[in-house]
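Each chain, letter by letter, is given below.
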Amino acid sequence: MGSRYEAKIKEGARPFLEDGEEVLAAIVARPRGWTASVAGHAGPGNVAASMGRRKQAGNVAAADDAGFALASPMALAVTGSRLLSIEIGSPIGLGIGGKVKQLAGSAPLADVDSIEIKRLAAGKTVTVTVRGTPFALEANATADAKGLVAEFERAKSGQTA
């Protein structure tokens, strides 16, 4: 994601945070399947695009089932107490674009079971499990997903049940 986007998200998210809450880490992401759905001038007959749209819809539905709304594009952000889905404008690159629009979803860290990362050809897959329901996001190769996971684990371990 790069520090320019992270700084922009941290600043732009302030109006949506609770008193004393701050964004510890954030990455730009989209529901998994988005890249395939738009790849290669996706037309209605494009099988890969169709599969991508189905995968994306499935991940959005799974997140909804978990009570965690997604946006596309979005920032996935960790605070000391919550995981946030923040709707953003389209990131163009080099920190351009990606303006915070609104809070799409949130979950207390106690309800977030895990955040796992897998490398993908040109990026990363981020699997988030909220209230026992997993859903997948995709992030580009420069996103500091490891940093997001580290902050999530640190914040979650600091909580008392």
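Quantities reported herein were computed from a predicted structural model and do not represent experimental measurements. (Residues numbered from 1 in each chain as written. Predicted model: local features only at pLDDT ≥ 70, side-chain atom pairs only at ≥ 80, totals over all residues. Heavy atoms only, no water.)

Help me out: how do you make sense of the overall build of the chain in this one?
In terms of helices and strands, the chain carries four helices and nine strands. Helices and strands appear in the chain in the N-to-C order α-β-α-α-β-β-β-β-β-β-β-β-α. Counting across all 161 residues of the chain, residues that qualify as buried make up 43%. (Helix = DSSP H or I, 4+ residues; strand = E, 2+ residues; numbered from the N terminus. Buried < 20%, exposed > 50% of the residue type's maximum accessible area, 1.4 Å probe, protein only.)

Sorry if this is basic, but what is going on with unusual backbone geometry here?
Cis geometry marks the peptide bond from Ser-72 to Pro-73; its omega dihedral reads 0°. The topology assignment puts Pro-73 in the loop between helix H3 (47-65) and strand E2 (74-79). The phi torsion at Arg-131 lies on the positive side, around 50°, for a residue other than glycine. Here Arg-131 shows up in the loop between strand E8 (123-130) and strand E9 (133-140).

Before we go on, may I ask you to explain helix H4 (residues 145-157) in this structure?
Because the α-helix completes a turn every 3.6 residues, residues three or four places apart line up on one side. Between the first and last C-alpha of H4 there are 18 Å, a value that for 13 residues agrees with the 18 Å anticipated at 1.5 Å per step. Taken as a whole, H4 has its buried residues at Ala-145, Gly-147, Leu-148, Val-149, Phe-152 and Ala-155. Tucked into the core, H4 has its buried residues touching strand E1 (23-31), E2, strand E7 (112-120) and E8. (Expected span 1.5 Å × (residues − 1). Contact = heavy atoms within 4.5 Å.)

What am I meant to see in the side chain of Lys-124 here?
One can find Lys-124 in strand E8. Nearest to the buried, unbridged Lys-124 among oppositely charged side chains is Asp-144, at 6.8 Å. At 2.5 Å, the side chain of Lys-124 forms a polar contact with the backbone oxygen of Ala-141. Polar side-chain contacts of Lys-124 include one of 2.8 Å to the backbone oxygen of Ala-143. Setting aside anything within four residues of it in sequence, one finds Lys-124 in contact with Ile-117, Lys-118, Leu-137, Glu-138, Ala-139, Asn-140, Ala-141, Thr-142, Ala-143 and Ala-145. (Lys, Arg positive; Asp, Glu negative; His and termini not counted. Salt bridge = Lys/Arg side-chain N within 4 Å of Asp/Glu carboxyl O. Polar contact = N/O pair within 3.5 Å; in protein donor to acceptor, adjacent residues only side chain to side chain.)

Would you mind showing me how to read the pairing of E2 here?
Here is the key point about a regular strand: its side chains alternate between the two faces of the sheet. Most of E2 is tucked away, with six of its six residues classed as buried. The alternating pattern of E2 places Met-74, Leu-76 and Val-78 on one face and Ala-75, Ala-77 and Thr-79 on the opposite face, and all of these are buried. The pairing of E1 with E2 spans six bridges and is antiparallel. The partner of Val-28 across the bridge, within E2, is Ala-75. For E2 and strand E3 (residues 82-88), the ladder comprises five bridges, and the chain directions are antiparallel. By the bridge assignment, Met-74 is partnered in E3 with Glu-87. Where E2 hands over to E3, the hairpin turn is made up of two residues, counted between the paired strands. (Pairing = 2+ DSSP bridges.)

Where do I start with the pattern of salt bridges in this structure?
For side chains of opposite charge, pairing can occur when their charged atoms come near one another. On inspection of all chains with the given rule, the structure shows six salt bridges. A salt bridge links Arg-82 to Glu-21, with the shortest nitrogen-to-oxygen separation between them at 2.7 Å. With Arg-82 in strand E3 and Glu-21 in the loop between helix H1 (3-12) and E1, this pair connects stretches of sequence that are 61 residues apart. The same class applies to Arg-82 as to Glu-21, namely buried. Ionic contacts of the salt-bridge type, sharing partners, join the residues Glu-18, Glu-21 and Arg-82 into one network.

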